[in-house]
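A closer look at the structure
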Amino acid sequence: MNINGKAMRTIWVKPDGFPVEIIDQTALPHELKIVALKTSDDAAYAIQAMLVRGAPLIGVTAAYGVALAMRDDASDASLEEAIELLAAQRPTAVNLKWALEEMRRVLSPLPVDGRPRAAFKHAAKLATEDADMCRRIGVNGLEIIREIAARKDGKPVNILTHCNAGWLACVDWGTATSPIYHAHNAGIPVHVWVDETRPRNQGASLTAFELAQHGVPHTLICDNAGGHYTQRGEVDLVIVGTDRVAANGDVANKIGTYLKALAAVDNGVPFYVALPSSTIDWQMPDGAAIPIEERSADEVLHVSGRAPNGKVLSVAITAPGTPARNPAFDVTPARLVTGLITERGVCAASADGLLSLYPERRSGGLAVA
Ligand code: MRU
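Residues numbered from 1 in each chain as written. Predicted model: local features only at pLDDT ≥ 70, side-chain atom pairs only at ≥ 80, totals over all residues. Heavy atoms only, no water.

By the definition in use, this model includes 18 salt bridges. Here glutamate 21 makes a salt bridge to lysine 14, at a shortest N to O gap of 3.9 Å. When its relative accessible area of 14% is taken as the criterion, glutamate 21 is described as buried. By sharing partners, the salt bridges in this structure join Arg90, Arg200, Glu293, Arg295 and Glu299 into a single network. (Salt bridge = Lys/Arg side-chain N within 4 Å of Asp/Glu carboxyl O. Buried < 20%, exposed > 50% of the residue type's maximum accessible area, 1.4 Å probe, protein only.)

Once that is clear, we can look at the site of the ligand. Around the ligand, 19 residues are found, and the nearest of them are Ala55, Arg90, Gln202, Asn253 and Lys254. At 2.7 Å, a side-chain N or O of lysine 254 approaches an oxygen atom of the ligand. Across the complex, the protein chains shield 100% of the 410 Å² of accessible surface that the ligand would expose by itself. Judged by the proximity of its atoms to the pocket grid, the ligand belongs to the largest cavity. Elements with a contribution of two residues or more to the shell around the ligand: helix H2 (55–72) and strand S11 (251–254). Tallied by class, residues from the shell around the ligand come to 8 nonpolar, 7 polar and 4 charged. (Near = heavy atom within 4 Å. Polar contact = N/O pair within 3.5 Å; in protein donor to acceptor, adjacent residues only side chain to side chain. Areas by Shrake-Rupley, 256 points an atom, 1.4 Å probe, with all protein chains shown as cover. 1 Å grid on protein atoms, 1.4 Å probe; cavity = no way out; pocket = protein on both sides within 12 Å on 5 of 7 lines; lining within 4 Å. Sits in = over half its atoms within 2 Å of the grid points. Helix = DSSP H or I, 4+ residues; strand = E, 2+ residues; numbered from the N terminus. Nonpolar A, V, L, I, M, F, W, Y, C, P; charged D, E, K, R; others polar.)

A cluster of acidic residues, Asp41, Asp72, Asp73, Glu81 and Glu84, forms a negative patch on the protein surface. Locating aspartate 41 in the fold gives a position in helix H1 (residues 40–48). (Patch = residues over 30% accessible without salt bridge, like charges linked within 9 Å, V, L, I, M, F, W, Y side chains within 5 Å. Lys, Arg positive; Asp, Glu negative; His and termini not counted. Charge placed at Lys NZ, Arg CZ, Asp CG, Glu CD.)

With mixed pairing, 7 strands are arranged side by side in an open sheet as S8-S7-S6-S9-S12-S17-S18. Single-partner strands in this sheet number two, and they are strand S8 (218–221) and strand S18 (345–347). Neighbouring strand axes in the sheet, compared pairwise and without regard to direction, differ in orientation by 25 degrees on average. Bridging between strand S6 (residues 157–161) and strand S9 (residues 237–240) involves 2 bridges; their strand directions are parallel. Each bridged residue has a counterpart across the sheet, and for isoleucine 159 the counterpart in S9 is leucine 237. Helix-sheet contacts for helix H6 (residues 177–185) involve S6, strand S7 (190–195) and S9, and the interaxial angle to S7 is about 155 degrees. Strands S6, S7, S9 and strand S12 (271–274) of the sheet are contacted by helix H9 (residues 257–266), whose axis makes an angle of about 145 degrees with S12. (Pairing = 2+ DSSP bridges. Axes fitted to C-alpha atoms, helices over the stretch in contact; angles between N-to-C directions. Contact = heavy atoms within 4.5 Å.)

Below, the discussion takes up the layout of surface pockets. Here the largest pocket is characterised by a volume of approximately 520 Å³. For the largest pocket, the lining is made up of 23 residues, of which Thr26, Arg200, Asn201, Ser205 and Ser304 are closest to its centre. When residues of the lining of the largest pocket are traced back to their parent elements, those giving at least two are helix H7 (202–213), helix H10 (298–301), strand S14 (302–306) and strand S15 (312–316). Residue classes in the lining of the largest pocket are distributed as 9 nonpolar, 10 polar and 4 charged. Of the residues that make up the lining of the largest pocket, three or more belong to each of domain 1 (2–129) and domain 2 (137–363). Every residue lining the second largest pocket is counted, 16 residues in all, and those nearest its centre are Trp98, Ser277, Ile280, Trp282 and Arg361. Those elements that place two or more of their residues in the lining of the second largest pocket are helix H4 (94–107) and strand S13 (280–281). Take the lining of the second largest pocket: its biggest share by element is 5 residues, from H4. (Points joined across faces, edges and corners; volume = space filled by probe spheres on them. Domains from an automatic or database assignment.)

As far as function goes, none of this settles anything; it's purely spatial.
Shown next as structure tokens:
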């Protein structure tokens, strides 16, 4: 997707094979800052401090983190150390664990001197596959938007989204935004309600930015306004991303997603969740045991933004000493989800629905209760 008219991905390797580079998402939308990752520690820091974020991108960054570790020391001990370090950075997005397991599967059987090259090659493969899965999510989700558009007499389809499940959260295209980009590219009029997504404002800083870069009409709203517009008939469809889908179809996503699902269901508005298969945790029977990241209270107690003098500042919004909690994700029960939009098609949010698209998992020790 484009920034300032130039096609970019969120992560890449310099042409001579080193270093890995990323867009520092903490600087957006005020500055397009590119950061080099030279070691697995750099990759771990980028994930922890959310220079990169979003489930698929966290996974791909971790894969490159392993490759960087292999460049320095390709021993078994180094491989395991890098995997342990990277896995510990954020607990909720299962893509992180998935990508690290993929790297271990490919690298462990290889002789040590073959590992660095194979690691970069496999990380690049995961990145390309992620972009392709997201593209296919868009093709499949486009049909949902097309059907709604057919009933709207040429008026825009109003789509509510939460957080950033756009191309910035992935390698390219995005999950929730991919059907939107495909609809826009196909000439279907769409308008996106963008939740600001406190406390880190991924909607305001990232989703609004990337939609604007692609020319998609959108309006930023505070998180509490989504229910109101949904109730007033101004939302035709909700599409969000996810960090982990349990085997029964329960869905973990950015804190506040559950409330959007409740409002959607109360008002008969379809609530879809878009994901690549790397986000399905087949071993997790339901959403209750999904680990929910608890982040620093500072994120709730402060907001950051650009001051009139152009400087980016963080300011306190509470009296000193105000206690705060900061769960980063919540779980939306499968019963509230109209459907899951995947790279293989759209299915019900249920064990049967998931298995209908991924039949090879039927014998895979699925943990459904
Ligand atoms: O804390 P973040 O910004 O990493 O959270 C991101 C989300 O919640 C996204 O919706 C999710 O990762 C899906 S990304 C395609």
